[in-house]
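Coordinate analysis (summary)
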Amino acid sequence: MHGPQALASTTPPMSLRGLSRPSRAMVARICSEPGVMVKPALALMPLLRACRATLAARQALNKGIKAKAGFTITPGSEQIRATIARDGLDKPLKDIGGVVLANACGPCIGQWNRQDMPKGQANTIVTSYNRNFTGRNDANPETHAFVTSPELVTALTIAGRLDFNPMTDSLTAADGSKFKLEPPTSDELPSRGFDAGEETYQAPPKDQRPSVEVDPSSKRLQLLTPFDKWNGGDLDEMFVLIKVQGKCTTDHISAAGPWLKFRGHLDNISNNML
């Protein structure tokens, strides 16, 4: 949806955004589907979002409960990973059942090797990644992907319900008592600054120029040859390869998924076009 979706009598400040503008009936139907998996990408927003998500996780732990849905965390960079680890922000998230993945933008472009949901089965996921095109996460066209903030993703994971509204709804503690999540707060920036993390760059030897050898018969890798030097003039009478109308993204022009294995081979990946 491209506007706030009311999940209660009033629209909460932390709302869900999805592929279309579903009615309340559709939201209720999606809530009843299996496989509600939430995957916050903490570092794709300011670090304060990670702090707020951690606050929700700590409240759940203090009440003796953990996540009721699959929960994965993807630091957006090595700097973010190192900073949240140094400041202890990742531990509560892991303690409620979260799994910290490699530093990345999340399992986008169909790279998620999902094992819990057969392809073609309707299900719902909630993420804080900025892409939610059909099949974008797990290459399953029947996956409904809703986008929201990391702290609300965490709250939905703890509740295990897509229609959970932390402003009005209560959770059940391990002792059976009811409680509500406190509104999340945090510092704008880490008080101790950012941690640069591990240095992973490996410089080439200074005394020799490294060579790259690729098997000419490889289907996955291909060495590129330089374009002809620009002659300084305009490029005239160029061919129009495609013309599109309406909603069109790179996912429509060249969908990812199984084609990712050809991303190092220009000729082969070029076969995956409209």
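Residues numbered from 1 in each chain as written. Predicted model: local features only at pLDDT ≥ 70, side-chain atom pairs only at ≥ 80, totals over all residues. Heavy atoms only, no water.

Section: the overall build of the protein
Across its full length, the protein holds 7 helices and 7 strands. Across the protein, helices and strands are ordered from the amino to the carboxyl terminus as α-β-α-β-α-α-β-β-β-α-β-β-α-α. Within the protein, contacts between residues at least 6 apart in sequence are counted, and of these 69% link residues at least 24 apart. Split by element, the accessible area of the protein, about 16,900 Å² in all, is 53% carbon and sulfur. (Helix = DSSP H or I, 4+ residues; strand = E, 2+ residues; numbered from the N terminus. Contact = heavy atoms within 4.5 Å. Areas by Shrake-Rupley, 256 points an atom, 1.4 Å probe, with all protein chains shown as cover.)

A few points about the nonpolar core
Core analysis: the biggest nonpolar cluster contains 22 residues, and F164 and L171 have the highest contact counts within it. Elements supplying a minimum of two residues to this core: α2 (47-62) and α5 (150-159). Per-element accounting of this core gives the leading share, 6 residues, to α5. Setting aside residues no more than four positions away along its own chain, L171 makes contact with I65, I158, A159, F164, S177, K178, F179 and L181. (Core = buried A, V, L, I, M, F, W, Y, C linked by side-chain atoms within 4.5 Å. Buried < 20%, exposed > 50% of the residue type's maximum accessible area, 1.4 Å probe, protein only.)

Topic: the pattern of salt bridges
Oppositely charged side chains may form a pair once their charged atoms are brought near each other. Tallied over the full model, the rule gives 10 salt bridges. E151 serves as the salt-bridge partner of R52, at 3.7 Å between the closest nitrogen and oxygen. Of this pair, R52 sits in helix α2 while E151 is found in helix α5, placing the two residues 99 residues apart along the sequence. The class of R52 is partly exposed, set by a relative accessible area of 22%. The salt bridge involving K91 is made with D95; its shortest N-O contact spans 2.8 Å. (Salt bridge = Lys/Arg side-chain N within 4 Å of Asp/Glu carboxyl O.)

Examining a nonpolar patch on the surface
On the surface, F239, L241, I242 and V244 cluster together into a nonpolar patch covering about 510 Å² of accessible area. Summarising the element assignment, V244 is placed in the loop between β7 (178-179) and α6 (250-253). (Patch = residues over 30% accessible without salt bridge, like charges linked within 9 Å, V, L, I, M, F, W, Y side chains within 5 Å.)

Regarding helix α3 (residues 78-86)
Taken together, the buried positions of α3 are occupied by E78, I80, A82, T83 and I84. Count one or two residues on from α3 and you reach G88, which has phi positive near 75 degrees.

Details of the pairing of strand β4 (residues 123-127)
Along β4, 5 of the 5 residues are buried, which leaves the element largely enclosed by surrounding structure. Neither face of β4 is exposed, since N123, I125 and T127 on one face and T124 and V126 on the opposite face are all buried. The pairing of β4 with strand β5 (residues 143-147) spans 5 bridges and is classified as parallel. Of the residues in β5, the one forming a bridge with V126 is F146. (Pairing = 2+ DSSP bridges.)

What to know about the side chain of D90
With respect to the helices and strands, D90 occurs in helix α4 (residues 90-95). D90 has contacts with I84 and A85, leaving out every residue within four places of it along the chain.

Overview of the pairing of β5
The buried count for β5 comes to 5 of 5 residues, which makes it a mostly enclosed element. Here β5 shows no split at all, with T143, A145 and V147 on one side and H144 and F146 on the other all buried.

With respect to the confidence of the model for the protein
Across the protein, pLDDT averages 78, with 79% of residues at or above 70. Note on residues 1-14: pLDDT is under 50 here. Beyond four places in sequence and across chains, it has 37 contacts. Low pLDDT, under 50, characterises residues 19-46; the predicted model gives this stretch 101 contacts beyond four residues in sequence or across chains. (pLDDT = per-residue confidence, 0-100.)

Focus on α5
With 10 of its 10 residues buried, α5 lies for the most part within the structure. Downstream of α5 by a residue or two, G160 has a phi angle that is positive, lying close to 75 degrees.

Description of the environment of H144
Structurally, H144 is set in strand β5. Here H144 falls in the buried class, since its relative accessible area comes to 18%. Residues H144 and V126, 18 residues apart in the sequence, show an inter-C-alpha distance of 8.3 Å.

Side note on the side chain of T143
Structurally, T143 is set in strand β5. According to the relative accessible area criterion, T143 is buried, its value standing at 5%.

A short note on the environment of P166
You can see P166 is positioned in the loop between α5 and β6 (171-172). On the basis of relative accessible area, P166 is assigned to the buried category, the value being 15%. Put simply, P166 and E182 are 16 residues apart on the chain and 8.3 Å apart in space, counted from C-alpha to C-alpha.

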